[in-house]
Amino acid sequence: MRTPHQYALRGVQLMAAAFLLLACAPVAPAGAPAAATAAETPAAGEVTQVASGVTPEMEALIKAAQEEGTLSTIALPRDWCNYGEMIDTFKAKYGLEVNELDPNAGSGDELEAIRANKDNKGPQAPDVIDVGLSFGPQAMEEGLIQPYKVATWDTIPDSAKDADGNWYGDYYGVLAFQVNSDVVQNVPQDWADLLKPEYKGQVALAGDPRTSNQAILSVYASALANGGSLDDAMPGLEFWAKVNEAGNFVPVIATNGTFATGETPITIQWDYLALANRDQFGGNPGTEIVLPASGLMAGIYVQAISAYAPHPNAAKLWMEYLYSDEGQLGWLKGYCHPIRFNDMAKRGVIPQDLLDKLPPAASYEAAYFPTLDEVNENKAAVTAGWDKVVGANVQ
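Keep in mind that this is a model prediction, so the values were computed, not measured.

Criteria and cut-off values
Residues numbered from 1 in each chain as written. Predicted model: local features only at pLDDT ≥ 70, side-chain atom pairs only at ≥ 80, totals over all residues. Heavy atoms only, no water. Buried < 20%, exposed > 50% of the residue type's maximum accessible area, 1.4 Å probe, protein only. Helix = DSSP H or I, 4+ residues; strand = E, 2+ residues; numbered from the N terminus. Salt bridge = Lys/Arg side-chain N within 4 Å of Asp/Glu carboxyl O. Core = buried A, V, L, I, M, F, W, Y, C linked by side-chain atoms within 4.5 Å. Contact = heavy atoms within 4.5 Å. Expected span 1.5 Å × (residues − 1). Phe/Tyr/Trp six-rings, centres within 6.5 Å; stacked < 30°, edge-to-face > 60°. Lys NZ or Arg CZ within 6 Å of the ring centre and 35° of its normal. Axes fitted to C-alpha atoms, helices over the stretch in contact; angles between N-to-C directions. Parallel < 35°, antiparallel > 145°, perpendicular 65-115°, else oblique. Nonpolar A, V, L, I, M, F, W, Y, C, P; charged D, E, K, R; others polar.

1. Considerations on helix α10 (residues 312-322)
In step 1: Within α10, eleven of the eleven residues are buried, which leaves the element mostly enclosed by the surrounding structure.
In step 2: Those residues of α10 lying buried are Pro312, Asn313, Ala314, Ala315, Lys316, Leu317, Trp318, Met319, Glu320, Tyr321 and Leu322.

What follows is the structure, encoded as C-alpha cells:
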C-alpha cells in the first residue's frame, strides 16, 4: 500500500492537461462483428472505437471478455482512489475474475512487467496499467501499449490524451492548502495570503523543493499566481523567498503528525491527500481544505492497455467501465477527480453527497495542467534555484 509520500511522488509523474455517463454501460469496437472473440481482437496498432450505449457491439465485447475470463491489473492498491470497490464492482458486473498483481508497484515496475512478460500469457503479465504521464509516452515509444478509444473518448480533453488512443488521463488532483483551523483563525484563500504577518511560523510544504516533485509543483503553482509561467519559475522562487524572509515559512517537511500538533498548520499538498486526511482526523484537529483562488496546479494519471495483454477484450471492457460515469464516480468516491469531472458536473450527474465532501466544482475549472515538457524543463529550474533564491534548508 502506498504511503502519502509515495502518493505524492507518483502524482507528480503525471503532469499533463485535463478536464473531464452514470452507469453508462461499456461498449464494443465500432464495426466489430456481433460475435467478436478474443481471436478477433484488433492487433496492436489498430485503433478501435466503441459506440455509445448498450449495443450489439457492446454485447460482443462483454461476451469476448467473459470468454477470456480474467483481467490482470497491476499497481492498484485497494485503498488508492477507491480501487478496491471499483475492482469488486467490475467483477460483479461482468462476471470476470481480477488478478491483482503487485499493488505496491510503481510506474516503472509496471512497464518492466510488460517487458518481462512479452512472450508470457500467464498470470504475471498485466493487461492494463495506471502510470504517470511521463511513462505513457515512454511506453508508447517502446511499443509496450496499444491504442484503444473508449466510448466517452470525445469528453476526455485533447490535452490529456494521446491523439491515437495509446494512453489517456484517468483522474487528477490539484494542489491545495490543508489548514489546521484549531490553530489558524483566518484561513488563507490564496497564495498572496501566505505573506501576511498572522501566518508567522505556520506555512510548510509536504516535501523538499530540491527533491520532492509535490513541493516543486507547489513552487510552479505560486509562480503562476505571481505572473510567472511554466517557462518561468523565478516568480515562484521569489515568492517563497518572501514567505521565508517574513518568517512565515517552516523549513520542515509537513506530515500528518506535524500538522496535527500545529507545527505545520498550513500545509501545501495534493487535494485528494488533504481530503483523505480530513476524514482521518475526524475533526481533531479541525481541518479545512482550500483551493487557492489563483495558481491552481493539477496533475494526472494515465491508463493504457498492454500491447501484449493476455486478455485484450477484458482490458477494453475495464477501460470502458473506468471511463463510464459509473467508473469515474468510483474514483471520485476516493477523492481522486476523474478526468471527465467537469463534464459530469455540468450535466449534474455527480451525487450531492460526493460534491458536499469536495471544494466547489467550479473551483476546479481554472486548474492548470502542465505538459510533460513544461514539467521536465522547470523541475531543474526549481531544484537548482531553491537554495540560491530562497535559502531555506527544508528537512
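Read on, since the account is not over.
2. With respect to the pattern of salt bridges
In step 1: Applying the stated rule across the entire model yields 14 salt bridges.
In step 2: Glu142 serves as the salt-bridge partner of Arg115, at 2.8 Å between the closest nitrogen and oxygen. Linking Arg115 in helix α4 (residues 107-116) with Glu142 in the loop between α5 (135-141) and β4 (145-146), this pair joins segments that are 27 residues apart in sequence.
In step 3: We classify Arg115 as partly exposed; its relative accessible area is 27%.
In step 4: Given a relative accessible area of 35%, Glu142 falls into the partly exposed group.
In step 5: Put simply, Asp325, Arg340, Asp343 and Arg347 are held in one network by salt bridges that share partners.

3. Topic: the nonpolar core
In step 1: In terms of nonpolar packing, the biggest core is built from 110 residues, with Phe90, Tyr172, Trp240, Leu317, Trp318 and Trp386 touching the most fellow members.
In step 2: Among the elements that take part in this core, strand β5 (residues 168-180) stands out by supplying eight residues, more than any other.
In step 3: Beyond its immediate chain neighbours, meaning those up to four positions away, Trp386 contacts Leu205, Pro209, Arg210, Val219, Leu237, Trp240, Phe249, Gly391, Ala392 and Val394.

4. Side note on helix α7 (residues 234-245)
For an α-helix, the turn length of 3.6 residues means that residues three or four places apart are oriented alike.
In step 1: With twelve residues, α7 should cover 16 Å at 1.5 Å per step; its first-to-last C-alpha distance of 16 Å lies within 8% of that length.
In step 2: Buried within α7 are the following residues: Pro235, Gly236, Leu237, Phe239, Trp240, Ala241 and Val243.
In step 3: Among the residues trailing α7, Gly247 stands out with phi positive, at a value near 85°.

5. So, the packing of aromatic side chains
In step 1: Going through the model one piece at a time under the given rule, you end up with 20 aromatic pairs.
In step 2: Pairing Trp153 with Tyr168 gives two aromatic rings, centres 5.1 Å apart and planes at 85°, and the pair type is edge-to-face. Of this pair, Trp153 sits in the loop between β4 and β5 while Tyr168 is found in strand β5, placing the two residues 15 residues apart along the sequence.
In step 3: Accessibility expressed as a relative area gives 1% for Tyr168, which makes it buried.
In step 4: Their ring planes at 35° and their centres at 6.0 Å tell us that Trp318 and Tyr321 sit as a pair that is tilted. Pair noted here: Trp318 and Tyr321 are both in helix α10, with a separation of three residues, about one helical turn.
In step 5: Note on Trp318: relative accessible area 1%, which makes it buried.
In step 6: On the basis of relative accessibility, which here comes to 2%, the residue Tyr321 falls in the buried class.
In step 7: In this structure, Lys161 packs its charged tip against the face of Trp153, placed 4.2 Å from the ring centre.

6. Brief notes about the packing of helix α6 (residues 213-225) against α7
In step 1: Orientation of α6 relative to α7, taken along the N-to-C sense of each, is 100°, at an axis distance of 7 Å. Between α6 and α7, the angle falls in the class roughly perpendicular. On α7, the residues touching Ser218, Val219, Ser222 and Ala223 of α6 are Pro235, Gly236, Leu237, Phe239 and Trp240.
In step 2: Its residues placed into classes, the contact of α6 with α7 shows six nonpolar, three polar and no charged.

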